[in-house]
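Read off the chains here:
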Amino acid sequence: MKSNKGKGGKLLECHNAHSVQVIKNILDWFRERTDNNRVYTFYSERENKDVYMIALRDTMGELIGYYEKHEYRNRETGRMYEI
């Protein structure tokens, strides 16, 4: 199987089964309410950064995707994947 990583491939094809389920759960949570827009996903101690999944919405509030936001700062105190 050819890798789609970095070549515009489908998002879920480049993740393992656990990650695919986590992504699907978060996307479902984003769809539940228009104010469900940010989920803390990871902390890198080496880089002192927090990583979040951020909902992308159209002008009507419909979910159209997400992006990962990297914030370089002191560690988040919230729980990872708390939705």
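Residues numbered from 1 in each chain as written. Predicted model: local features only at pLDDT ≥ 70, side-chain atom pairs only at ≥ 80, totals over all residues. Heavy atoms only, no water.

Draft legend 1. Fine view of the overall build of the protein. Along the protein, the regular secondary structure elements total one helix and three strands. Starting at the N terminus and ending at the C terminus, the protein contains elements arranged as α-β-β-β. Sorting the 83 residues of the protein into buried and exposed places 31% on the buried side. At a minimum sequence separation of 6, the contacts of the protein that also span at least 24 residues come to 36%. Per element, the accessible surface of the protein, about 6,400 Å² overall, is 48% carbon and sulfur. (Helix = DSSP H or I, 4+ residues; strand = E, 2+ residues; numbered from the N terminus. Buried < 20%, exposed > 50% of the residue type's maximum accessible area, 1.4 Å probe, protein only. Contact = heavy atoms within 4.5 Å. Areas by Shrake-Rupley, 256 points an atom, 1.4 Å probe, with all protein chains shown as cover.)

Draft legend 2. Expanded view of the nonpolar core. Listed in full, the 11 residues of the largest apolar core are Val-22, Ile-23, Ile-26, Leu-27, Trp-29, Phe-30, Val-39, Met-53, Ala-55, Leu-63 and Tyr-66. Elements supplying a minimum of two residues to this core: helix 1 (17-32), strand 2 (49-57) and strand 3 (63-72). With six residues, the single largest contributor to this core is helix 1. If we ignore the near neighbours within four places in the chain, the residues touching Val-39 are Ile-26, Trp-29, Phe-30, Val-51, Tyr-52, Met-53, Tyr-81, Glu-82 and Ile-83. (Core = buried A, V, L, I, M, F, W, Y, C linked by side-chain atoms within 4.5 Å.)

Draft legend 3. Just the sheet that holds strand 2, in detail. Here we have three strands laid out as an open sheet, ordered 1-2-3, and antiparallel in their pairing. Looking along the sheet, the strands with just one partner apiece sit at the ends: strand 1 (38-44) and strand 3. Within the sheet, the average angular offset between the axes of one strand and its neighbour, ignoring direction, is 25 degrees. Inspection of the sheet shows strand 1 paired to strand 2 by six bridges, in the antiparallel sense. Across the sheet, residue Arg-38 finds its bridge partner in strand 2, namely Ile-54. Each of strand 1, strand 2 and strand 3 touches helix 1; the most contacted strand, strand 3, lies at about 110 degrees to it. (Pairing = 2+ DSSP bridges. Axes fitted to C-alpha atoms, helices over the stretch in contact; angles between N-to-C directions.)

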